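# A closer look at the structure
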Amino acid sequence: MSDLELSVMAKDTDRAKPLSDRCVWNAVLPAALVVLLFGFAAFDRSVLSSANLLNIAQQTSYLALFAMAQTVVILTRGFDLALGPTVSMVSVGTALAMAGAAATGHETGVVLLAGLSAGFGLGIACGLFNGVVIALLGVNPFVATLGSYNIAIGIATTLSSGRPVQGVPKIFSELFYGGSLFGVPAAIVITVAVGIVLHLILSRTVFGRSLYILGTNSRAAAVAGLPVKRILVATYVLCSALAALGAIMMTARTGSGEPNLGGALSLQAIAGAVVGGTSLAGGRGGVGTAVLGALFITILSNGMNLTRIDGYVQMVVLGAIVIIGVLLDRLRLERSSQ
Amino acid sequence: MSTALTAAEPRGTIGLRAIAGRIGFLPGLLLLLVAGMSAVDPQFYGIINILNILRNASLLAIVACGQALVIVAGGFDLSVGAVVALASVVTAKTMAATAAAFPGNVVLVIASGVAAGLGCGVVVGLVNGFCVAKLKVSGFVVTLGTMSATAGVGLMITNGIPVYGMPDIFVKSFGRAQAFGLPTAVHVALIVIILMVFAQRRTLFGRYVYAIGGNVDAAVVSGVSIQRHIVGTYVVSSVLAALTGILLTAQVGSGQASFGGDRMMLQSIAAAVIGGVSLRGGVGRVELVAISALFLTILGNALNLLHVDSRLQPVFLGVIMVAAVALDELIRRRRGRV
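Thresholds applied
Residues numbered from 1 in each chain as written. Chains lettered and ligands numbered in written order. Predicted model: local features only at pLDDT ≥ 70, side-chain atom pairs only at ≥ 80, totals over all residues. Heavy atoms only, no water. Helix = DSSP H or I, 4+ residues; strand = E, 2+ residues; numbered from the N terminus. Expected span 1.5 Å × (residues − 1). Buried < 20%, exposed > 50% of the residue type's maximum accessible area, 1.4 Å probe, protein only. Contact = heavy atoms within 4.5 Å. Salt bridge = Lys/Arg side-chain N within 4 Å of Asp/Glu carboxyl O. pLDDT = per-residue confidence, 0-100. Core = buried A, V, L, I, M, F, W, Y, C linked by side-chain atoms within 4.5 Å.

Time to look at helix α5 (residues 106-134) of chain B. Residues and elements named next belong to chain B. With 29 residues, α5 ought to run about 42 Å at 1.5 Å a step, and its terminal C-alpha atoms sit 41 Å apart, in line with that. Listed in full, the buried residues belonging to α5 are Val 109, Gly 113, Gly 117, Cys 120, Gly 121, Val 124, Gly 125, Asn 128, Gly 129, Cys 131, Val 132 and Ala 133. Once α5 ends, the next one or two residues include Lys 136, with phi positive near 60°.

Turning our eyes to something else, we now look at the side chain of Asn 128 of chain B. Following the sequence through the fold, Asn 128 of chain B ends up in helix α5. Beyond its immediate stretch of four places on either side in the chain, Asn 128 of chain B contacts Asp 77, Ser 79, Val 142, Thr 143, Thr 146, Tyr 234 and Ser 238 of chain B.

Looking now at unusual backbone geometry. Residue and element names in this part refer to chain A. A positive phi is found at Arg 77, a non-glycine position, where the angle reads about 75°. Mapped onto the fold, Arg 77 is located in the loop between α3 (50-74) and α4 (83-103). Not every positive phi belongs to a glycine, and Ser 161 is a case in point at roughly 55°. Along the chain, Ser 161 falls in the loop between α6 (141-160) and α7 (170-178). Exposure remark for Ser 161: the relative accessible area of 27% places this residue in the partly exposed category.

A word on the pattern of salt bridges. Side-chain pairs of opposite charge can arise whenever the charged atoms involved come near each other. All names here are of chain B. According to the stated counting rule, one finds three salt bridges over all chains in the structure shown. Taking the shortest distance from any N to any O, the salt bridge between Arg 201 and Glu 287 comes out at 2.5 Å. Of this pair, Arg 201 sits in helix α8 (residues 184-202) while Glu 287 sits in helix α13 (residues 286-305), and the two are 86 residues apart along the sequence. For Asp 309, the salt bridge is made with Arg 311, and the minimal N-O distance between the two is 3.7 Å. Residue classification places Arg 311 among the partly exposed positions, given a relative accessible area of 31%. Residues joined by salt bridges that share partners form a network here, namely Arg 201, Arg 285 and Glu 287.

Atomic detail in the predicted coordinates should be set aside for any region of low pLDDT. For chain B, per-residue confidence averages 86 on the pLDDT scale, and residues scoring 70 or more make up 92% of the total. Within chain B, helix α1 (residues 2-7) of chain B has the poorest average pLDDT of any element, 42, and helix α11 (residues 226-252) of chain B the best, 94.

Right, let's talk about the nonpolar core for a bit. By size, the foremost hydrophobic cluster in this structure holds 184 residues, and its most contacted members are Leu 83 and Phe 142 of chain A together with Phe 140 of chain B. Sorting elements by how many residues they give to this core places helix α11 (residues 228-254) of chain A first, with 16 residues. In contact with Phe 142 of chain A, not counting residues within four places along its chain, are Phe 79 and Leu 81 of chain A together with Phe 76, Leu 78, Phe 140, Ile 269 and Leu 279 of chain B. Grouped together as the second largest cluster of nonpolar side chains are nine residues, Met 95, Met 166, Phe 170 and Ile 246 of chain B included.

What follows is the structure in structure tokens.
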């Protein structure tokens, strides 16, 4: 990987070809992914086994979904610290609603509907809270979502009494985890579908494009007549709704509502987005960067697990990777602006 | 000090009034809380409870002062919680090792332990400062990375097991000692706060930090060495976090990688923000941050005494945080309109 970076740097001194420079820079992360995969495979063959590759894809699909959610708000120069607790809250809410509906003897369809509407309802409520506080009250996104971080944790642990919520119907887990389409596991199918739709929204709709303007120059966006506040609220709602979807998928995986499900997810999702090349300064990034970053982090931790690297060492490596990833991205930006 | 800054602005008198309003806001709330709690529960003003509150508030205030300095300069320090843990572990390990090598030489043992603990703070602070100031990576991402890495190192050293073997005298006549009826941590916190207030108001470093946070370009043009001062803020923040780690270690009697953590980090930011430190940089006073740390600690204590479910308590913290900042923002906006 370092050789690769060096050769990239060498090529970069040749400033006469800005376009090819950009292509080389954009290839750094995918190339690093491949190097990483084969590097780990050199230590342990099973890394490249089809079972493990499918496993990586499945693990990535959750983190990618959360990184996409985070990307949407980061595009507008914000971020959502409350994403993890939102996931916990939605997980608990979904499980409670389904358990309650099932206990009162409703049909499966009603039970599922109750769970989904409770989950998405809680997610959207959280997004509305964030959006309103940030856009209408003008509170900094960090403080606003740190506030809702605490609120969501409180609600999640209070609703569940701090214990896993049992009573999730089998069909729910079957639908969002166990099921598959043409042999592809449900989690991957959902994430790919959401990714395509989100990509179209970001690249083809007025709403999507306005996120980029908002992040680059919010004053220009306001002058151009965009309803900045409404867009911001919608952005945070979209972010939390995506988080809710991820939470529902993860609840289906564990088969119970977990008040600790979100844990470190807020920061992991930000790390995923940022490592993929989403700029915290706003206006740059998309579905591609989120997926790439999530894939990178997942492959790294999967490889380190398989090569039996100590979990604590992994924390150190991940920390270093996040910084290096952003540093590379900044260098790339500087080159392309020259 | 802010008086000097705002007085230079055209709307000086309004600025003065706003400052008076800001000072009145938090201590007023604090008095209200104390008076209310004293009326409701006599246990609240029991000497044991008061000492308990003061000790916890002191630990939080020390970390929050450092955090405030970084935020005033326009940055963020997510790594403080992890530094608390690392300093605790390293201090205990070093003391145990030195005690084994030089039995009986208590002064050397304690000095080496404290030096090693503070040294951890210096190292993490330098890494943070270097990455932010020299490599120009966003402070959020850098400290997110060092947070993970620092926590990982702390766990790696201990495998998550508490470290014993510190000299008794360190625990008994420092950590759990009381001079003039107050625990050691309170004395240390008072010294730190006085030093920080002095640094903010009377030293070039403090003034330049305001200048950098207020307007980087103006600071550059005025000949302020930006990089050195930014590194300085991160080092101060990490060293103060390390100091807290050492105090906690002395008080508990063992080094633990579970000290500090995300909770301490989030609380320190909450304390700074509720204490009126603007996340836009350039505004904030350490003494108000200390009061706000006291406020947060008393709030938690009050909720405990009132038998509010501990799971529900984060909700209060979140709501109060958002409300405090939203109120501040509304006042600022109205001032802007006048």
